[in-house]
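Descriptive analysis of the structure
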Amino acid sequence: MGTFMLIFIGTSSVVIAKGDVLTIALAFGLSITVSAYAFGGISGGHFNPAVTTAMWINKRVNAVEAITYIIAQFLGATVAAGIVKACVASLGLSTASLGQTDFPKIGAGMAFFVEALATFLFLMIILSVTSKKFGDSRFAGIAIGVALALLIIFALNLTGASLNPARSFGPVIFAGGSALSHLWLYILAPEVGAVLAAFGAKYLLGSEED
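As the structure is a computational prediction, the values presented were derived from the model and not from experiment. (Residues numbered from 1 in each chain as written. Predicted model: local features only at pLDDT ≥ 70, side-chain atom pairs only at ≥ 80, totals over all residues. Heavy atoms only, no water.)

Tracing the chain through its elements places G145 in helix 6 (residues 140–159). On the basis of relative accessibility, which here comes to 2%, the residue G145 falls in the buried class. With 110 residues separating them along the chain, G145 and S35 place their C-alpha atoms 9.6 Å apart. With near-sequence residues (within four places) excluded, G145 lies in contact with G29, I32 and T33. (Helix = DSSP H or I, 4+ residues; strand = E, 2+ residues; numbered from the N terminus. Buried < 20%, exposed > 50% of the residue type's maximum accessible area, 1.4 Å probe, protein only. Contact = heavy atoms within 4.5 Å.)

Pasting the structure below:
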């Protein structure tokens, strides 16, 4: 449900509301904030495979839980994108544009760096504000949502600001085009950022200390 909300509201702000950078950033950021408070108590608020990877590396979830979360995230993203496509089609708009992420203005190397860097920063924040040492469950959702919004403002016009393999997977499955051939980057780069953040948060921030 959390990943569904993120993709459904976020991509709708792109293709249905046709929002500017700030509108899109707030749509994604507020979606994850609301979902964190609504569903975090049930599942821990894993709405992003990169988040789950970092949590698994730092032993906050086990392998079975991690796999289950990731399957649910991709399913939620796919269902959300399918509904957005139906809504877009009902408006008579092109279903070739469903808020999919791509990098038409920069090279693959820079796109990889941007996605990995943004995900690294995002995960460093998440791992810190959800840690036993630094975390506060009353405010963690707000911090995570604001962080995502700020990073989207930075990355949106460079790579589409995915930071989340499931976020890229759902829309591109229905939209196709050049974004489909670049899907590998949006899966691999956030995961690289997540792995680096898992170790960075543990050894630089001490996030895994009691």
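Having seen the structure, we can now continue with the description.
This paragraph deals with unusual backbone geometry. Negative phi values dominate among residues other than glycine, just as trans dominates among peptide bonds. The backbone of K18 shows a phi angle near 55 degrees, a positive value even though the residue is not glycine. Along the polypeptide, K18 turns up in the loop between helix 1 (2–15) and helix 2 (21–43). For K18, a relative accessible area of 57% translates into the label exposed. Of note, A161 is a non-glycine position whose phi angle comes to about 55 degrees, a positive value. As for its position among the elements, A161 is in the loop between helix 6 and helix 7 (165–175).

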